[in-house]
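Structural overview
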Amino acid sequence: MEKREQLYEGKAKIVYRTDDPERYIVYYKDDATAFNGLKKGTITGKGELNNRISAHFFALLEEHGIPTHFEKLLSPREMLVKKVTILPIEVVVRNIAAGSLAKRLGLAEGTPLARPVLEFYYKSDALGDPMINEYHVYALNLASAGELRALSDYALKVDSILSAYLAERGLELVDFKLEFGRTAAGRVILADEISPDTCRFWDKATHEKLDKDRFRRDMGGVEEAYQEIWRRLTGGTE
Ligand code: TMP
C-alpha cells in the first residue's frame, strides 16, 4: 500500500490518498481542540492511542455485524480505511446526562436517562455544528430516509454493543459521537473514529472521567486517562 498526497487535514486527523482508489490512509495526530477549535493543545501520545482504540472498537463492531470503514492498522498512527464520502451529520447517542444535554435540559451531570437519546448535529465548523432533527436532514438533502434509518439503527446498535463491552471492563459509556460515510456503491458505513476524543467514558465505581473532558475542562491527567482506556480494553496484554 503506497501513501499518496494529503487529501484533507482535520483537527485531529489527516487523510491521505493511496495507490488504491478505493482506500485511504488516516493519520491520527496528537493535536487536540475543543469548543469548535477555540481551545487548542497537544495530548502527547493521543494519536497512537486513538488509532489503536478506534481500530479495537471498529474490529469489535464488525464482529457484531456493523459495517465500518476500518480495514487494518498500518503503523502506530495510521490505519487503512475504505474510501467514503462523509455524511455531514454527527450522530450523538447518550445514556447518562452530561455535557451539552445536561446544560440544555438543566439536568445534573450523571443523571441516568430512562432510555438512550439519539441526536443529530449538522457538521459545519463555520456554524459550530448546530443541532438538527430529521426534518432538517430531509429539507437540506443531507441524507435519504433509508440512509437516516440505517445510521440511526447502527448508532443505537453501537450503543448496546459498546455499553455491554465497556461495562465488563468497569466503564460507563456516558455518550458518544459517530460519523458515517457513503461508499462508491452507495452503502452507508460507520467511519471517522471512536476514541476518548469522541466518547465520554466514566469509571463505573468512582465516576472518574477518562476522556477528552479532562482536556476540555483543564482537569489534568489527560494522557493517563487515554492510556487507562487502552489498558481496560486490552487488560494490558497488547
Ligand atoms: P456534547 O455533550 O458536548 O454535546 O457531546 C456529546 C458527545 O459527543 C461527547 O461524547 C463528545 C462528543 N463530541 C465530539 O465527538 N465532537 C464534538 O465536536 C462535540 C461537541 C462532542
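An account of the accompanying structure is given in this report. (Residues numbered from 1 in each chain as written. Predicted model: local features only at pLDDT ≥ 70, side-chain atom pairs only at ≥ 80, totals over all residues. Heavy atoms only, no water.)

Along its 13 residues, helix α6 (residues 222-234) runs 19 Å from first to last C-alpha, staying within 8% of the 18 Å computed at 1.5 Å per residue. Those residues of α6 that fall on the buried side of the exposure criterion are V222, A225, Y226, E228, I229, W230, R232, L233 and T234. Those residues of α6 hidden inside the fold are in contact with α1 (46-63), α4 (145-167), β12 (171-182), β14 (199-203) and α5 (213-216). (Helix = DSSP H or I, 4+ residues; strand = E, 2+ residues; numbered from the N terminus. Expected span 1.5 Å × (residues − 1). Buried < 20%, exposed > 50% of the residue type's maximum accessible area, 1.4 Å probe, protein only. Contact = heavy atoms within 4.5 Å.)

Attention now moves to the nonpolar core. For soluble globular proteins, the rule of thumb is that nonpolar side chains tend to be buried together. Core analysis: the largest hydrophobic core is formed by 54 residues, its most contacted members being F57, L162, L178, F180, L190 and I194. A total of 9 residues in this core trace back to one element, the largest contributor, which is α4. Among all residues touching L162, those that are not within four sequence positions of it are F57, L60, L61, L173 and I194. (Core = buried A, V, L, I, M, F, W, Y, C linked by side-chain atoms within 4.5 Å.)

The subject of this paragraph is the pattern of salt bridges. Counted according to the given criterion, the structure contains 32 salt bridges. Taking the shortest distance from any N to any O, the salt bridge between E5 and R17 comes out at 2.7 Å. Placement of the pair is E5 in strand β1 (residues 3-9) and R17 in strand β2 (residues 13-18), with a sequence separation of 12 residues. A relative accessible area of 43% means that E5 is categorised as partly exposed. On the basis of relative accessible area, R17 is assigned to the partly exposed category, the value being 34%. (Salt bridge = Lys/Arg side-chain N within 4 Å of Asp/Glu carboxyl O.)

Our focus in this paragraph is the packing of aromatic side chains. Counted under the stated rule, the structure contains 3 aromatic pairs. Here Y154 and F180 contribute two aromatic rings whose centre-to-centre distance is 6.4 Å and whose plane-to-plane angle is 15°, an arrangement assigned as stacked. Of this pair, Y154 sits in helix α4 while F180 sits in strand β12, and the two are 26 residues apart along the sequence. Here Y154 and F180 have matching classes, each one buried. Of note, K39 hangs over the ring of F215, and the distance from its end group to the ring centre comes to 5.1 Å. The cationic tip of R169 hangs over the ring face of Y165; the distance from NZ or CZ to the ring centre is 3.6 Å. (Phe/Tyr/Trp six-rings, centres within 6.5 Å; stacked < 30°, edge-to-face > 60°. Lys NZ or Arg CZ within 6 Å of the ring centre and 35° of its normal.)

Attention shifts here to the site of the ligand. Every one of the 13 residues lining the ligand counts as a neighbour, but R94, S100, D175, K177 and R200 are closest to it. In the environment of the ligand, an oxygen atom lies 2.8 Å from a nitrogen or oxygen atom belonging to the side chain of R94. Between R200 and the ligand, the recorded distance is 2.9 Å, taken from a side-chain N or O atom to an oxygen atom. Burial of the ligand by the surrounding chains reaches 75%, relative to a free accessible area of 450 Å². Secondary-structure elements contributing two or more residues to the shell around the ligand are β9 (89-96), α2 (99-105), β12 and β14. Counting residues per element, the shell around the ligand draws most heavily on β12, at 3 residues. (Near = heavy atom within 4 Å. Polar contact = N/O pair within 3.5 Å; in protein donor to acceptor, adjacent residues only side chain to side chain. Areas by Shrake-Rupley, 256 points an atom, 1.4 Å probe, with all protein chains shown as cover.)

What follows concerns the pairing of strand β3 (residues 23-28). By the bridge criterion, 5 bridges tie β2 to β3 in an arrangement that is antiparallel. For R17, the partnering residue across the bridge sits in β3 and is Y24. The antiparallel hairpin formed by β2 and β3 contains 4 residues in its connecting segment. (Pairing = 2+ DSSP bridges.)

Our focus in this paragraph is the packing of α1 against α6. Between two packed helices, the angle of one axis relative to the other and the distance separating the axes together describe the packing. Across the interface, α1 lies against α6 with an axial gap of 10 Å and an inter-helix angle of 30°. Classed by the angle they form, the pair α1 and α6 counts as roughly parallel. Taken as a pair, α1 and α6 cross one another with a handedness that is left-handed. Between α1, through K46, L49, N50, R52, I53, H56 and F57, and α6, the contact on the second element is made entirely by Y226, Q227, I229, W230, L233 and T234. For the contact of α1 with α6, the class distribution of residues is 7 nonpolar, 4 polar and 2 charged. (Axes fitted to C-alpha atoms, helices over the stretch in contact; angles between N-to-C directions. Parallel < 35°, antiparallel > 145°, perpendicular 65-115°, else oblique. Left-handed = near helix turned anticlockwise from the far one by under 90°. Nonpolar A, V, L, I, M, F, W, Y, C, P; charged D, E, K, R; others polar.)

In this section: the pairing of strand β6 (residues 70-75). By the bridge criterion, 4 bridges tie β6 to strand β7 (residues 78-82) in an arrangement that is antiparallel. When the bridges of β7 are listed, K72 appears paired with L80. Counting the residues between successive antiparallel strands, the hairpin from β6 to β7 contains 2 residues.

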